[in-house]
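# Analysis of the macromolecular model
Spelled out from the first residue to the last, the chains are:
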Amino acid sequence: DTGVSQDPRHKITKRGQNVTFRCDPISEHNRLYWYRQTLGQGPEFLTYFQNEAQLEKSRLLSDRFSAERPKGSFSTLEIQRTEQGDSAMYLCASSLVGGTGVFGELFFGEGSRLTVL
Amino acid sequence: DQQVKQNSPSLSVQEGRISILNCDYTNSMFDYFLWYKKYPAEGPTFLISISSIKDKNEDGRFTVFLNKSAKHLSLHIVPSQPGDSAVYFCAASGNNDMRFGAGTRLTVKP
């Protein structure tokens, strides 16, 4: 079990550029979540997938943001035309729903830190 | 729209004493509550949880108390150890998503 992995760990980009983050969840987990965390705040929910279906999106997820999980395994989060306000830590988490274990427990990756100059 | 609030941004306690971290929520639809611990440069890691049908859950040095009528939960750590120093996030789940508080930074002094 390698846990949830995210890539890249840190991305510095210029305003207006597009960025893409990748998340590889724990292999047997069927749910995958994206959160955003800014300094001094807790993680804010962005969206989640059950297998390949995107079931919920937060109003925080503007039309510049898009997330995919094409085969129900890894997921990508793309931000188009980045703005300085997009600078944050983007956290991915996965969970197993319907199996054994603690319901609602999310396993987080180490995050991808985005800095928009 | 902060549905989960941790009003104390920081807490400092002496090693061996009790640490009490507090959390309040506003949405009565939440039915599961969790505490996560976060070290620098790492993602949050699950610590302990409680279902809304219970008022207490204990796991070793960690106990979570839930007061549904007050929409309040707390995490007790006893005895506190220097390795417990981290940011603690309270989380509440319901309707398939999870909301987090802003976190409380706990410092345990040797």
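Higher on the page you've got the structure.
Residues numbered from 1 in each chain as written. Chains lettered and ligands numbered in written order. Predicted model: local features only at pLDDT ≥ 70, side-chain atom pairs only at ≥ 80, totals over all residues. Heavy atoms only, no water.

## Topic: the sheet that holds strand β7 (residues 65-68) of chain A
Residue and element names in this part refer to chain A. Let me state the cut-off plainly: Any two strands are treated as partners once DSSP identifies two or more bridges connecting them. Starting at the N terminus, helices and strands are each numbered in turn, a helix being any DSSP run of H or I of at least four residues and a strand any DSSP run of E of at least two. Orientation is described by axes fitted as lines to C-alpha atoms, over the contacting stretch for helices, and by angles from 0 to 180 degrees between their N-to-C directions.
The four strands lie next to each other as β1-β3-β8-β7, forming an open sheet whose pairing is antiparallel. Bordering the open sheet on either side are β1 (5-7) and β7, each of which pairs with just one other strand. On average, each strand axis in the sheet is inclined to that of its neighbour by 15°, with strand direction left out of account. Pairing geometry for strand β3 (residues 19-24) and strand β8 (residues 75-79), over five bridges, is antiparallel. Bridged to Cys-23 within β8 is Ser-75.

## What to know about the pairing of strand β11 (residues 104-109) of chain B
Residue and element names in this part refer to chain B. Rules: With a 1.4 Å probe rolled over the protein chains alone, any residue whose accessible area is under 20% of its type maximum counts as buried; one over 50% counts as exposed, and the rest are partly exposed.
Only one face of β11 is buried, namely the one carrying Thr-104, Leu-106 and Val-108, since none of Arg-105, Thr-107 and Lys-109 on the opposite face is buried. Two elements, strand β9 (residues 86-94) and β11, share three bridges in a ladder whose sense is antiparallel. Paired with Ala-86 across the bridge in β11 is Leu-106.

## With respect to the packing of aromatic side chains
Applied cut-off: Only Phe, Tyr and Trp rings take part, Trp by its six-membered ring, and two of them pair if their centres are within 6.5 Å. Stacked means planes under 30 degrees apart, edge-to-face means over 60, and tilted covers everything else. Counting as a charge over the ring demands two things of the Lys NZ or Arg CZ atom: a distance within 6 Å of the ring centre and an angle within 35 degrees of the ring normal.
Summed over the entire model, instances satisfying the criterion amount to 14 aromatic pairs over all chains. A cation over a ring is seen here: Arg22(A) above Phe74(A), with NZ or CZ 3.9 Å from the ring centre.

## Looking at the interface of chain A and chain B
Heads up, the rule is: In what follows, a contact means two residues having at least one pair of non-hydrogen atoms within 4.5 Å. Note on terms: buried area is the combined drop in 1.4 Å-probe accessible area of two parts once they are placed together, counting the loss on both. Any carboxyl oxygen of Asp or Glu within 4 Å of a side-chain nitrogen of Lys or Arg constitutes a salt bridge here. Counting of polar contacts relies on pairs of N or O atoms within 3.5 Å, with two restrictions inside protein: one atom must be capable of donating a hydrogen and the other of accepting it, and residues adjacent in sequence are counted only when both atoms are side-chain atoms. Asp, Glu, Lys and Arg are counted as charged, while Ala, Val, Leu, Ile, Met, Phe, Trp, Tyr, Cys and Pro are counted as nonpolar; the rest, among them Gly, fall into the polar class.
Counting from both sides, the interface comprises 22 residues of chain A and, opposite them, 20 residues of chain B. Both faces combined, the contact of chain A with chain B buries some 1,600 Å², and carbon together with sulfur accounts for 55% of it. Run the count over chain A and chain B and you get zero salt bridges. On inspection of chain A and its partner chain B, the count reaches four residue pairs in polar contact (both at pLDDT 80 or more). Elements that contribute at least two residues to the side of chain A that touches chain B include exactly β4 (31-37) and β5 (44-50) of chain A. The element contributing the most residues to the side of chain A that touches chain B is β4(A), with four residues. Its residues assigned to classes, the side of chain A that touches chain B comprises ten nonpolar, six polar and six charged.

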